[in-house]
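Here is what each chain is made of, one letter per residue.
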Amino acid sequence: MATKTSDLLTAAAPETVAVVRGISDAHLDLPTPCREYAVRDLLGHLFQVVVNFQGLAARRPVDWSAQPDLLTGDWRDRFAVETERVIRAWSEPSALEGVSPGMGLPQEVVGGMLLLDLTVHGWDLARSTGQPYRGDPAVVAELLDLVARLAPTARERGVFGPAVEPGDPGDDLSRLLGLTGRDPARSPAG
């Protein structure tokens, strides 16, 4: 089976997985556009997202306070495997029904938040490590709509920074990044 969410995740995942595979141990202490996170921290967060959102798809409780060190052993391959698992979890039509008991949001929005993290943090990691990141046009278009709805609350809660004007307002990825408080023109490791 497949859902719109799993189709969009399938489109977004390969680029982010490729970025994660391209991160060397020498990159782990570099800064990221997420001020409080070095590359290592952001990788750990994104890894926790792809694991925990598997549970959220099934409406199981997840523990965001647990901070396991997921960057051990062959973590790059494990990230790819967990990303495939989260896509499968959101391919079940029931994953998009109703309201998330843990987050109190419609399950469709929760799935969109996963897509947003996978895409935007994929860009964050690419930018921090000097790798390219294009962003799938269909994914970015979907996320622009979601971010427009979530931005006021996300800014109020400190999840998004103040909006940043994109250098190229015709570039949807730049617009998306700017709406989440990222400077699309940020230089690598800058």
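A short tour of the structure in this document, coming up. (Residues numbered from 1 in each chain as written. Predicted model: local features only at pLDDT ≥ 70, side-chain atom pairs only at ≥ 80, totals over all residues. Heavy atoms only, no water.)

Overview of the side chain of Ser174
Then, in step 1: On the secondary structure map, Ser174 appears in helix H6 (residues 172-179).
Then, in step 2: The class of Ser174 is buried, set by a relative accessible area of 11%.
Then, in step 3: With near-sequence residues (within four places) excluded, Ser174 lies in contact with Pro166, Asp168 and Pro184. (Helix = DSSP H or I, 4+ residues; strand = E, 2+ residues; numbered from the N terminus. Buried < 20%, exposed > 50% of the residue type's maximum accessible area, 1.4 Å probe, protein only. Contact = heavy atoms within 4.5 Å.)

Focus on the nonpolar core
Then, in step 1: Membership of the largest hydrophobic core comes to 53 residues, with the highest contact counts inside it found for Leu43, Trp90, Leu125 and Leu176.
Then, in step 2: Contributing elements (two or more residues each) for this core: helix H1 (4-21), helix H2 (39-57), helix H3 (75-89), helix H4 (107-129), helix H5 (137-156) and H6. (Core = buried A, V, L, I, M, F, W, Y, C linked by side-chain atoms within 4.5 Å.)

Focus on H3
Then, in step 1: For H3, with 15 residues, the first-to-last C-alpha span of 20 Å sits near the 21 Å given by 1.5 Å per residue.
Then, in step 2: Three or more residues of H3 are buried, namely Trp75, Phe79, Ala80, Glu82, Thr83, Val86 and Ile87.
Then, in step 3: Summarising the contacts, the buried residues of H3 are in contact with H1, H2 and H4. (Expected span 1.5 Å × (residues − 1).)

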